[in-house]
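# Summary of structural features
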Amino acid sequence: MKNNSLPKAYDFKNTEKRLYSWWEKSGFFQPSNDPKAPDFDPTKKPFVISIPPPNITGSLHLGHAMFVSLEDLMIRYHRMVGEPTLWVPGSDHAGIATQLQIEKSLAKEGKRREDIGREAFIKRTWAWREEYGGIITEQIRRLGASCDWTRERFTLDEGLSRAVREAFVTLFEKGLIYRGPRLVNWSPNLRTAVSDLEVEYSQEPGTLYFFKYRLAEDPEQYLPVATTRPETILGDTAVAVHPEDKRYKQFIGKKVLVPITDREIPIIADEYVDREFGGGALKVTPAHDPHDYEIAQRHHLELINILNRDVTINSNGGVYEGLDRLECRKKLWADMKEAGLVIKEEDYTLNVPRSQRGGEIIEPMISEQWFVKIKPIAEPALNAVRDGIIKIVPEHFNKVYYNWMENIRDWCISRQLWWGHRIPVWYCDDCHEMTVKREDPTECQHCGSKNIHQDEDVLDTWFSSGLWPFSTLGWPDQTLDLKYFYPTSVMETGYDILFFWVARMVMSGLEFTGVAPFHTIYLHGLIRDEHGQKMSKTKGNVIDPLIVMDEFGTDALRFTLLVGSTPGKDMNLSVKKVQANRNFANKIWNAGRFVISAIEKAPDKPQADPQWTPADEYIHARMRETVRDVNRLFTSYQFGEAGRQIYEFFWGEFADWYIESAKLQLIQGGDRAFYTAWTLMRVLDRCLRLLHPFTPYVTEELWGHLKTIANSKGNAYEAEDGWSEALIIAKWPSSKAEEEWEKDAISTFIAGTIEHTRAFRSLKTDLNIPANQKTSGTIIAEKGTLPMILAQKDFIAALGAIKDMEILDVIPDVEEYQNYSSNSIPSTGSIVFLKTDEVFSQQEMRDKLAKELKTTQSQINRLEGLLASDFSTKAPPQVVEKERSKLDIYKQTARKIKDQLDALH
Ligand SMILES: [Zn+2]
């Protein structure tokens, strides 16, 4: 291969798609050890992740990009380590979200779902899914996700539906599923119950209505009661007072009349009552308020539901039947006013429950729902984390998990939707018993009647996604996949769905399979904008990953997300960061082009054993150290830090120092050129392997070129772990124990080439001399360091752009050096000199320094003034400290300039 076939710039647009389909077609995404293959080895331990299934209604957002990047990183790493690796992809039918889409499209035709009927509605939803449901998985592919697409699943596919049925029936048979009247969060728009987690509370201005609850025995006497929702008066079944409230003690046990309807209800005593609120007496509406519901449980009160499913008033509302609850509120209050039952109205701040999805006001309402008795299932799930069977990364989420699991309430699993797993319960119209079966029954199992009908509701989406880690592998059948790949290894997801999803998988896994579904839960944080603000459409600060990938490439986005992430912590993201990492991808490419061309020109093989230069030894030692660091960080899930270390090594050490030194060595030809090209090849190969899980595309593309050129030279250019078919399946660099020579090699090159070059460079910067302008220089070395510096003289001269370099070990006559500017190196005690009269005349130099001194002096004056003012007592100490240290630096600079000026006179 000729180097000119390698394009000058990295062209991600022409690379990403091609590589992805090559990887997929070559079967690299499938586990290397497959239970269905004849050479299957059951003793090899696999590494398995189930993807958090995105909603089929979804369009790629940064949350997806984050979990795909992290999981793909883990998968690629374990694949390279040599473990049989499986990443199971799939998508979620997303009951509410999908149904809303279809209802919206129906609304455009002026229809509701009831108008077309259940069957047609479901058919239409499947058609929608066929057309649009694959968009999100296509977008996930673009991120480079190396999932095994031959094992892709969908929560409503046949196998998963069977798993759901099995789970429901098993729980039902164990007595862990029951049906009952329960207070649920009712969404009027969706006409379904939604979970507590899907309700958000907002502070809004409202009204507190005061009115009279008249005594039945003496309507002249009354208890003053306050409410924010007068319509619920129609469902009141008691008035409660505090047992120690002297004002009302004598009324306990008596009856009061419900306004307008004159229904008699009891006055009860309950410690829940807040004596300070309203008049101190509390109306109790157990069918429409969670606290009242609990009071009703304690006192065995009647439950009166006053709402229909569309939140109009039902027949329990008497004359108000048919009104919307808000209209009823107005009408009833007006009627009460007329009847003299109203005391007053006051402005009041309400805590309004609103739907997280649609924003409408949620009505607490009693309805018949299906529930899972959660305590017996939660207990083992709690213990699994307590006993360390499941580890949460980061660990501080353990506490949050314990707290939630200890206070968990029964799980309402029925939803009044059509899109989802229909509840497998049939009611008999003759004997009114229930039939719950794994297969659809044709008759009642109690009386044999054929007059049976299935429950109308479907199951909460999380019921099916809770089974995800094992249902996707074939459960309830004991498939080969299930036996080998289950339990899975890591569950990686955002901390915001720890309870929605992760906790439910732990409970279901333990309940149905007897083992924890994974050994580690890795939680990532949310992505915020560059100022730490939550991204939202209304704020207009949303970053679209698809646009970012179009502009900067997938690797740049992935690297930014991965390097910016710390487990469990939110991260701030800006497009600028992605742009900077696009530059990193280009840096990798350019370094690669240099290495490839160096190998091309270098001899095919050496004539003798290697004579390593300080630069060679340094880069080999630092490479070994970096491999050890990255491996250590990977095993402790510190992927972001690992990425930062590789970045620093690649850019700050390999590209900036070694490649620059190598240029000098290559022109010497012969064995020096061979061993230099060989070193470049070895280090680049290691780096590409370490970077592959972060930036899969640019590394694979470059590695392919590196392999081709290395192979074209015969076998002297062998990679440390061999050249495999592709980087994606190449061997991960393993850590090698530190050897004695490494520390010396690193410190020698740093103290020699790096520090002396830097000293010359900073001197040039101070004097405004262009870095590449050749200037005469001298190093005065401390006695002991002379041989070390002499050995690296050429590197320092080349990298520092110094000509006629002298190296001395005696302090010279100062007079002789009056035309030099100097800089000292604390670690070696050396002083470097730059002959400035070559560059500037004495007068120019004096002017330059005088001007610099003036600016510095004005900064000193400003800071001294500031620190003498109120500022030093009023500003936070760390701020004052910062200004003080700035002052010190300016003072040092001023002294240095004065010394230089003195030397000129
Ligand atoms: Zn029957």
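What you see is a predicted model, and the numbers here were worked out from it, not measured in a lab.

## Details of the coordination of the zinc ion
Around the zinc ion, the protein contributes the donor atoms Cys-428 (SG), Cys-431 (SG), Cys-444 (SG) and Cys-447 (SG), which lie 2.3 Å from the metal centre. Mapping the donors of the zinc ion onto the primary sequence yields the spacing C-x2-C-x12-C-x2-C.

## A look at unusual backbone geometry
Following Val-393, the chain continues to Pro-394 via a peptide bond in cis, the omega torsion being 0°. In this structure, Pro-394 sits in the loop between strand 15 (391-393) and helix 10 (397-406). For His-432, which is not a glycine, the phi torsion comes out positive at approximately 65°. Summarising the element assignment, His-432 is placed in the loop between strand 18 (425-428) and strand 19 (434-436).

## Quick notes on empty space enclosed by the protein
Counted by the stated rule, this structure contains three cavities of 30 Å³ or more. Reported here for the largest cavity is a volume of approximately 90 Å³. Considering the residues around the largest cavity, the lining is formed by Leu-171, Val-372, Ile-374, Ile-377, Trp-411, Phe-463, Leu-467, Arg-504, Met-507, Ser-508, Glu-511 and Phe-512. Broken down by element, the residue count for the lining of the largest cavity peaks at five residues, all from helix 14 (residues 498-513). The residue inventory of the lining of the largest cavity, partitioned by class, reads nine nonpolar, one polar and two charged.

## Describing the pairing of strand 1 (residues 47-50)
Because side chains alternate across strand 1, one face comprises the buried residues Phe-47 and Ile-49, and the other comprises Val-48 and Ser-50, equally buried. Here strand 1 runs beside strand 2 (residues 85-88); their pairing, made up of four bridges, is parallel. Within strand 2, the position partnered with Val-48 by the bridge is Leu-86. The handedness of the strand 1 to strand 2 crossover, carried by helix 2 (residues 62-81), is right-handed.

## Thoughts on the sheet that holds strand 6 (residues 192-194)
Ordered in space as 6-5-14-16, the four strands form an open sheet in which the pairing is antiparallel. A strand with exactly one partner marks an edge of an open sheet, and here the two such strands are strand 6 and strand 16 (411-412). Across 10 bridges, the pairing between strand 5 (residues 177-187) and strand 14 (residues 363-372) is antiparallel. By the bridge assignment for strand 14, Tyr-178 is matched with Phe-371.

## Thoughts on the nonpolar core
Residues Phe-168, Phe-463 and Phe-654 are the most contacted members of the largest nonpolar core, which totals 176 residues. Take this core: its biggest share by element is 13 residues, from helix 20 (residues 670-691). Excluding residues within four positions of it along the chain, Phe-654 makes contact with Val-595, Ile-619, Phe-649, Ile-659, Leu-680, Val-683 and Leu-684. The next biggest cluster of nonpolar side chains, apart from the first, holds 35 residues, and it includes Tyr-209, Ile-267, Trp-333 and Met-365.

## Examining the pattern of salt bridges
Overall, the coordinates contain 65 salt bridges when judged by the stated rule. In this structure, the salt-bridge partner of Asp-481 is Arg-151, at a minimum N-O distance of 2.8 Å. Taken as a pair, Asp-481 in helix 13 (residues 480-485) and Arg-151 in the loop between helix 5 (135-142) and strand 4 (153-154) lie far apart in primary sequence, 330 residues in all. Take Asp-481 and Arg-151: they sit in the same class, and that class is buried.

## Examining the environment of Asp-888
Counting through the fold element by element, Asp-888 comes out in helix 27 (residues 877-904). With relative accessibility at 42%, the residue Asp-888 sits in the partly exposed group. Along the sequence, Asp-888 and Thr-855 sit 33 residues apart, while their C-alpha atoms lie 15 Å from each other.

## Things to note about the packing of helix 17 (residues 575-601) against helix 21 (residues 696-712)
Helix 21 packs onto helix 17 with a crossing angle of 0° between their chain directions and a minimal axis gap of 10 Å. Classified by the interaxial angle, the pair formed by helix 17 and helix 21 is roughly parallel. Between helix 17 and helix 21, the residues in contact are Ala-585, Ile-588, Trp-589, Gly-592, Val-595, Ile-596, Ile-599 and Glu-600 and Val-698, Glu-701, Leu-702, His-705, Leu-706 and Ile-709, respectively. Residue composition of the contact of helix 17 with helix 21, grouped by class: 10 nonpolar, two polar and two charged.

## So, the side chain of Asp-616
Summarising the element assignment, Asp-616 is placed in helix 18 (residues 614-635). No salt bridge forms around the buried Asp-616; measuring N to O, its nearest opposite-charge neighbour Arg-672 is 4.7 Å away. Of the polar contacts made by the side chain of Asp-616, one reaches the side chain of Gln-665; its length is 3.0 Å. Setting aside residues up to four positions removed in sequence, Asp-616 forms contacts with Tyr-658, Gln-665 and Thr-679.

## Notes on the sheet that holds strand 19
In spatial order, the strands read 19-18-20; together these three strands make up an open sheet with antiparallel pairing. Looking at the sheet topology across the chains shown, the edges are occupied by strand 19 and strand 20 (452-454). Taking the axes of each pair of neighbouring strands and ignoring which way they run, one obtains an average angle of 30° across the sheet. Bridging between strand 18 and strand 19 involves three bridges; their strand directions are antiparallel. Counted as the bridge partner of Tyr-427 is Met-434 from strand 19. Here helix 6 (residues 158-173) sits on the sheet in contact with strand 18 and strand 19, set at roughly 130° to strand 19.

## Thoughts on the packing of helix 15 (residues 545-552) against helix 17
With their axes 10 Å apart at the nearest point, helix 15 and helix 17 run at an angle of 30° to one another. On the basis of their axis angle, the class for helix 15 and helix 17 is roughly parallel. The crossing of helix 15 and helix 17 is right-handed. Residue-level inspection shows Val-548, Glu-551 and Phe-552 of helix 15 in contact with helix 17, the latter providing Val-575, Val-578, Gln-579 and Arg-582.

## Observations concerning the packing of aromatic side chains
How two aromatic rings sit relative to each other is set out by the distance from centre to centre and by the angle between their planes. Inspection of the entire model under this criterion finds 50 aromatic pairs. Centre to centre, the rings of Phe-470 and Trp-475 are 5.2 Å apart; their planes meet at 90°, and the pair counts as edge-to-face. The pair Phe-470 / Trp-475 is uniform in exposure class, with both members buried. Ring geometry for Phe-559 and Phe-584: centres 5.1 Å apart, planes at 40°, overall tilted. Of this pair, Phe-559 sits in helix 16 (residues 554-564) while Phe-584 sits in helix 17, and the two are 25 residues apart along the sequence. The exposure classification of Phe-559 matches that of Phe-584, with both residues buried.

## Let's talk about the environment of Val-810
With respect to the element layout, Val-810 can be found in the loop between strand 27 (802-808) and strand 28 (820-825). Its relative accessible area of 47% is what places Val-810 among the partly exposed residues. Note: C-alpha distance between Val-810 and Ala-673 (137 residues apart in sequence) is 35 Å.

The rules behind the values
- Residues numbered from 1 in each chain as written.
- Predicted model: local features only at pLDDT ≥ 70, side-chain atom pairs only at ≥ 80, totals over all residues.
- Heavy atoms only, no water.
- Donors = N, O, S within 2.8 Å, 3.2 Å for Na, K, Ca; no water.
- Helix = DSSP H or I, 4+ residues; strand = E, 2+ residues; numbered from the N terminus.
- 1 Å grid on protein atoms, 1.4 Å probe; cavity = no way out; pocket = protein on both sides within 12 Å on 5 of 7 lines; lining within 4 Å.
- Points joined across faces, edges and corners; volume = space filled by probe spheres on them.
- Nonpolar A, V, L, I, M, F, W, Y, C, P; charged D, E, K, R; others polar.
- Buried < 20%, exposed > 50% of the residue type's maximum accessible area, 1.4 Å probe, protein only.
- Pairing = 2+ DSSP bridges.
- Right-handed = clockwise from strand over helix to strand, strands pointing away.
- Core = buried A, V, L, I, M, F, W, Y, C linked by side-chain atoms within 4.5 Å.
- Contact = heavy atoms within 4.5 Å.
- Salt bridge = Lys/Arg side-chain N within 4 Å of Asp/Glu carboxyl O.
- Axes fitted to C-alpha atoms, helices over the stretch in contact; angles between N-to-C directions.
- Parallel < 35°, antiparallel > 145°, perpendicular 65-115°, else oblique.
- Lys, Arg positive; Asp, Glu negative; His and termini not counted.
- Polar contact = N/O pair within 3.5 Å; in protein donor to acceptor, adjacent residues only side chain to side chain.
- Left-handed = near helix turned anticlockwise from the far one by under 90°.
- Phe/Tyr/Trp six-rings, centres within 6.5 Å; stacked < 30°, edge-to-face > 60°.

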